[in-house]
Amino acid sequence: MKERYNPQQVEQKWQRYWQERDLFKTEEDPSRPKFYCLEMFPYPSGRIHMGHVRNYAIGDVIAHFMRMNGYSVLHPMGWDAFGLPAENAAIEHGVHPKKWTYDNIAYMKSQLKRMGFSYDWNREIATCHPEYYRWNQWFFIKLYERGLVYRKESFVNWCPSCSTVLANEQVIDGACWRCDSEVTQRQLPQWFFRITAYAEELLEALDELRGGWPEHVLAMQENWIGRSEGVELDFPVEGSEESIRIFTTRADTIFGATFVCLAPNHPLAEELAEDRDGLQKVTAHYGETEEKIGIFTGRYAINPLNNERIPIWVANFVLMEYGTGAIMSVPAHDQRDFEFAKRYNLPIKVVIVPESGTLPEPLQEAFEDYGVLVNSGAYTGLSSREAIERIGRWAEERGIGKRTVNYRLRDWGISRQRYWGTPIPIIYCDRCGTVPVPEKDLPVLLPENVRLTGTGFSPLATVEEFVKTTCPSCNGPARRETDTMDTFVDSSWYFLRYCTPRDGEVLKPEALRYWMPVDQYIGGVEHAVLHLLYSRFFTRALRDIGVVEVSEPFKRLLTQGMVCKETIRCPEHGWLFPEEVEGDRCKRCGREVSRGRTEKMSKSKKNVVDPEYLINRYGADTSRLFILFAAPPETDLLWSDQGIEGCHRFLHRLWNFVETHRDSLSIKVRELEVREGAAPLYRKVHQTIKKVTEDIRERYQFNTAVAAMMELFNEISNFSPVSDEDRAVLREAIKNLIVLLAPFCPHIAEELWQRIGEAPSVLEQPWPRWEEEWVREPEVELVIQVNGKLRGKETVPAGLPEEELKERALSNENVQRFISGKEIKKVIVVRGRLVNIVVN
RNA sequence: GCCGGAGUGGCGGAACUGGCAGACGCAAGGGACUUAAAAUCCCUCGGGGGUUCGCCUCCGUGCGGGUUCGAAUCCCGCCUCCGGCACCA
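Note that this is a predicted model, so its numbers are computed, not measured. (Residues numbered from 1 in each chain as written. Chains lettered and ligands numbered in written order. Predicted model: local features only at pLDDT ≥ 70, side-chain atom pairs only at ≥ 80, totals over all residues. Heavy atoms only, no water.)

J.: What's the story with the protein's contact with RNA strand B in this structure? I'm lost.
T.: Taken together, the neighbourhood of RNA strand B is formed by 57 residues, with Thr249, Glu288, Lys292, Arg336 and Asn836 sitting nearest. Here RNA strand B approaches the protein such that, of its atoms within 4 Å, sugar and phosphate make up 66%. Taking Ser228, its side chain carries an N or O atom lying 2.6 Å from a phosphate oxygen of RNA strand B. Side-chain polar atom of Asn836 to a base oxygen of RNA strand B: 2.3 Å apart, as the coordinates give it. (Near = heavy atom within 4 Å. Polar contact = N/O pair within 3.5 Å; in protein donor to acceptor, adjacent residues only side chain to side chain.)

In structure tokens, the structure reads:
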């Protein structure tokens with residue numbers, strides 16, 4: 001009796017089997033090559049979404065593939081478990097963040113298990129666990145001792161909705177990366193990681209990643225680090241001992257400087273500005289982009305190159321955080337200065353002209369290109385490039401400046417005024433000042449009895465027994481730091497923790513040496529600068545304190561595309577779920593809906609598909625297969641309800657085939673004999689092994705690998721065996737197909753493997769090998785062109801000499817029509833492929 | 001504005017170093033089975049023209065040029081879309 005494919009039953013059976021045998025447990029095995037396959041760990045928001053499914057399906061294929069190829073594979077999973085949503089849930093629903101988080105973890109873990117991913121769950125980590133975050137604290141202290149962590153009062157990005165500070169990387173278009181609220185500026189004392197100390201290294205090392213990382217991620221990081229070479233130069237302040245140091249990349253325009261601008265929070269601004277109210281007003285608009293405003297300080301500076309006396313201004317668009325916090329303003333050659341000069345009627349002086357010609361005066365806009373210097377004293381006539389070089393040298397010789405490099409990258413502010421995060425291990429003592437918590441007192445535990453209100457003040461400050469402590473150095477009364485760390489600290493090194501997840505005392509160097517770096521990292525592009533840059537920095541910082549030997553954490557990076565789906569919109573009721581629509585009309589109001597553009601699946605746009613629904617309806621194998629088949633991994637994937645049906649159909653057909661031919665498929669033969677009629681099928685088997693292997697190994701093209709398996713199955717279905725020898729070939733074909741399919745659809749592969757009489761587990765089978773002689777076709781179709789146009793085809797034995805191919809081509813009937821009576825100028829022969837006859 | 005990527009049937013996408021454009025899948029149309037439907041199976045499926053129904057032929061990979069015996073693929077110039085950066089001196 002033929003049994004019907006029941007995914008639920010099959011999947012549960014094999015998930016239980018894997019779990020009982022702990023099949024995916026990993027240990028360091030020096031006798032085998034290692035492979036560290038890592039997918040970005042999820043935030044435990046409650047349920048997994050299609051983005052997770054795609055990310056983890058890709059990772060699982062790679063992990064299985066490498067295992068079957070004899071590698072010792074580390075494939076772990078864990079939870080990025082600290083963060084705001086837990087705290088917000090607490091404020092809204094009164095449930096403790098810890099409970100909320102651990103409940104979510106338990107549920108999502110069960111979902112991941114139902115998807116059948118091959119994680120070594122023995123290595124599971126959660127960043128909110130004290131044995132995890134103690135290392136955040138330990139690293140913090142070590143880096144503090146090395147001067148890579150410091151505290152300073154500064155303007156910070158403040159999200160009023162999240163009631164906390166954001167790092168620069170977390171502000172997108174002036175809005176919070178998480179909730180989209182407009183970000184404002186606040187002045188607060190903050191802890192910083194000195195990522196800028198590694199700016200040059202982080203930039204230079206990008207070159208080593210080329211090839212293994214996608215080009216656009218490298219470009220984004222390069223942009224973000226934003227290196228620029230220039231000159232620092234002192235402009236003495238008239239009637240004062242002070243001078244203003246400016247930074248410029250365009251020293252060639254210095255003779256065109258008609259004023260100097262200070263950032264409002266520049267130390268000299270306060271001192272020089274006469275108009276207090278004016279200064280305050282500029283300060284209030286600091287960093288705003290809508291409008292350039294400024295005030296004249298009433299004082300003058302001297303241009304060191306021509307001794308010209310130019311006014312000193314304070315302007316809101318000059319940033320203290322970049323360069324020296326002061327600029328020389330050259331309105332003729334800088335658009336920002338041009339706009340500022342126009343507004344305040346400051347002189348505009350042309351000192352650069354294009355190599356050919358002049359500039360139309362008065363200028364309508366700044367001329368920012370390189371060119372030739374005019375009105376520039378001894379430098380007149382030089383090219384911009386030369387002038388920059390010479391002026392830089394001149395300043396260095398005179399000791400009034402130097403050539404320098406500036407970076408757009410800022411230090412990473414990690415203080416957060418929130419509860420659900422790692423406590424910063426610092427103690428403030430009136431007598432000893434700022435004292436780090438001694439190593440032996442770690443971890444500084446996050447207290448659980450806390451009232452969360454979301455008022456914007458650190459919740460920990462209200463927990464008296466937490467705040468009140470004694471100073472580790474003088475034993476006097478002292479207070480603890482009450483801010484917690486940015487959660488990106490947690491994820492900046494979690495890949496190291498997987499190597500020794502349970503060792504309470506140390507990150508074992510042997511384990512790190514064996515497993516690091518991550519050989520393949522997989523995740524979304526949204527972390528191109530944030531997480532990926534922080535991790536590269538952190539790994540280097542930890543290298544410098546002797547924790548790890550590698551500098552780059554991720555050798556290869558694959559950024560998977562988004563999962564998208566069509567959106568539906570009602571003019572009255574906004575976004576709609578498909579089930580809220582009937583015949584293009586909104587069920588509620590009857591108005592016609594518009595099928596909007598396809599966009600990334602999101603709850604707010606109601607275009608989501610719940611993975612759990614798919615598992616229940618089609619099973620994990622079908623879901624995984626479709627998501628791998630529908631698009632190459634880096635491309636955005638357009639969800640299609642019919643598409644998944646197609647993949648389900650394929651698995652059904654495969655199942656039915658095995659069930660129908662079960663008897664003949666379980667006959668084993670000692671030696672395979674491939675007769676005439678079975679040779680094409682047997683060749684297809686070897687061609688498919690080759691194609692699937694190379695698609696996975698070299699190109700990560702899972703869609704074409706799946707297509708190749710479908711092709712093989714089509715050929716299997718069309719094959720009619722006429723002998724036992726043929727049946728043995730058929731069995732061989734099915735057997736190989738099942739093994740090839742195993743990384744994609746492990747459950748059905750296990751089941752079919754067993755049903756053709758093989759012993760489990762198919763996942764422990766060696767990856768099949770192909771034989772080149774069976775990949776080659778004995779006959780090839782020769783394409784014959786005349787003047788590059790297809791004029792005929794001939795089936796010829798492979799490996800014919802050129803002469804013969806040429807002859808066959810020339811004698812082809814249809815070809816004759818096109819060449820008769822014409823002069824043959826040339827014949828190009830590509831062996832095994834084509835002949836092109838050139839006539840005039 | 002600067003940087004990165006992409007434009008191929010009705011749709012998702014194939015085509016490896018320049019060598020048969022459209023693999024595989026979806027949708028659509030036709031047929032078989034069935035009382036019927038679902039499921040399954042078979043056939044057709046870029047467009048135009050011709051046909052003795054074997055096939056022949058012209059056009060076709062965003063647009064315009066170029067290199068080449070031969071271009072989806074390489075080069076030059078545009079257009080469109082997506083992503084990143086952007087008052088960074």
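J.: Where do I start with the nonpolar core in this structure?
T.: Note that soluble globular proteins tend to have their nonpolar side chains buried in a common cluster. In this structure, Trp412 and Phe744 are the most contacted members of the largest nonpolar core, which totals 191 residues. A per-element tally of this core places helix H2 (residues 50–68) first, with 11 residues. If you look at the next biggest cluster of nonpolar residues, it comprises 47 residues, including Leu233, Val314, Val330 and Ile352. (Core = buried A, V, L, I, M, F, W, Y, C linked by side-chain atoms within 4.5 Å. Buried < 20%, exposed > 50% of the residue type's maximum accessible area, 1.4 Å probe, protein only. Helix = DSSP H or I, 4+ residues; strand = E, 2+ residues; numbered from the N terminus.)

J.: Is there a simple way to think about the pairing of strand E14 (residues 309–315) in this case?
T.: Side chains on a regular strand alternate between the two faces of the sheet. Summarising burial for E14: 6 of the 7 residues are buried, a large majority. As defined by bridge partners, strand E12 (residues 259–262) adjoins E14 across 3 bridges and the pair is classed as parallel. The partner of Leu262 across the bridge, within E14, is Val314. The pairing of strand E13 (residues 294–302) with E14 spans 6 bridges and is antiparallel. By the bridge assignment for E14, Ile302 is matched with Arg309. The antiparallel hairpin formed by E13 and E14 contains 6 residues in its connecting segment, where Asn307 sits at a positive phi of about 55°. (Pairing = 2+ DSSP bridges.)

J.: Explain helix H4 (residues 97–115) here, please?
T.: Since the α-helix turns once every 3.6 residues, residues separated by three or four places project in the same direction. Relative to the 27 Å expected for 19 residues at 1.5 Å per residue, H4 spans 27 Å between its end C-alpha atoms, a close match to the ideal helical length. Of all the residues in H4, the buried ones are Pro97, Trp100, Thr101, Asn104, Ile105, Met108, Gln111, Leu112 and Met115. Buried positions in H4, seen along its axis, are confined to an arc of 130° and lie on one side of it. Looking one or two residues beyond H4, the residue adopting positive phi is Gly116, at roughly 75°. (Expected span 1.5 Å × (residues − 1). Arc of directions from axis to C-beta.)

J.: Would you mind going over the environment of Met562 with me for this structure?
T.: Turning to its location among the elements, Met562 is positioned in the loop between strand E27 (554–560) and strand E28 (563–570). Between the alpha carbons of Met562 and Met601 there is a distance of 8.0 Å; along the sequence they are 39 residues apart. Not counting chain neighbours up to four residues away, the residues in contact with Met562 comprise Arg54, Lys600, Asp636 and Leu637. (Contact = heavy atoms within 4.5 Å.)

J.: Looking at this structure, how should I read the confidence of the model for chain A?
T.: Reading fine detail from the predicted coordinates is not recommended where pLDDT is low. Of the residues in chain A, 99% have a pLDDT of 70 or more, and the chain-wide mean is 90. The ipTM value of the predicted complex is 0.94, and its pTM value is 0.92. (pLDDT = per-residue confidence, 0-100.)

J.: Just to check I follow, could you spell out helix H1 (residues 7–21) for this structure?
T.: For H1, which comprises 15 residues, the first-to-last C-alpha distance of 21 Å matches the rise-based estimate of 21 Å (1.5 Å per residue) to within 8%. One side-chain oxygen of the residue at the start of H1 lies 3.2 Å from the amide nitrogen of Gln8, identifying that residue as Asn6. Looking one or two residues beyond H1, the residue adopting positive phi is Asp22, at roughly 50°.

J.: Whenever I open this one, unusual backbone geometry confuses me. Can you help?
T.: What is expected of a backbone is that most residues other than glycine have negative phi and most peptide bonds are trans. That bond from Leu442 to Pro443 is cis: its omega, 0°, falls within 30 degrees of zero. Summarising the element assignment, Pro443 is placed in the loop between strand E22 (433–436) and helix H13 (464–467). In the Ramachandran plot, Asn475 falls in the positive-phi region, its phi being about 65° despite a non-glycine side chain. Assignment of secondary structure puts Asn475 in the loop between strand E23 (468–470) and strand E24 (477–480). The exposure class of Asn475 is exposed, given its relative accessible area of 62%.

J.: Teacher, can you tell me more about the side chain of Asp519 here?
T.: Within the secondary structure layout, Asp519 lies in strand E26 (residues 518–524). Taking relative accessible area as the criterion, Asp519 reaches 9% and is therefore assigned buried. Here the side chain of Asp519 touches Tyr36 through a polar contact of 2.8 Å, landing on its backbone nitrogen. Asp519 has contacts with Lys34, Phe35, Tyr36, Lys555 and Arg556, leaving out every residue within four places of it along the chain.

J.: Even after reading the chapter, I still don't get the sheet that holds strand E5 (residues 149–159), so can you show me in this structure?
T.: Each strand in a sheet pairs with its neighbour through backbone hydrogen bonds, running either in the same direction (parallel) or in the opposite one (antiparallel). Read across the open sheet, the 4 strands follow the order E6-E5-E9-E19; overall the sheet is antiparallel. A strand with exactly one partner marks an edge of an open sheet, and here the two such strands are strand E6 (164–166) and strand E19 (412–413). As judged from the 10 bridges shared by E5 and strand E9 (residues 184–193), these two strands associate in the antiparallel manner. Residue pairing in the sheet places Glu153 in a bridge with Pro189 of E9.

J.: I tried to follow the packing of aromatic side chains on my own but got confused; where do I start?
T.: Where two aromatic rings form a pair, the distance of their centres and the angle of their planes describe that pair. Enumeration over the complete set of coordinates arrives at 51 aromatic pairs. Ring geometry for Phe82 versus Trp420: centroids 5.0 Å apart, planes at 80°, classification edge-to-face. With Phe82 in the loop between strand E3 (78–79) and helix H3 (84–93) and Trp420 in the loop between strand E20 (415–416) and strand E21 (426–429), this residue pair connects regions lying 338 residues apart in the sequence. Taken as a pair, Phe82 and Trp420 share a single burial class, namely buried. Here the basic side chain of Arg134 rests over the ring of Trp135, its NZ or CZ set 6.0 Å away from the ring centre. Here the guanidinium or amino end of Arg569 rests over the ring plane of Trp575, the centre of that ring lying 4.5 Å away. (Phe/Tyr/Trp six-rings, centres within 6.5 Å; stacked < 30°, edge-to-face > 60°. Lys NZ or Arg CZ within 6 Å of the ring centre and 35° of its normal.)

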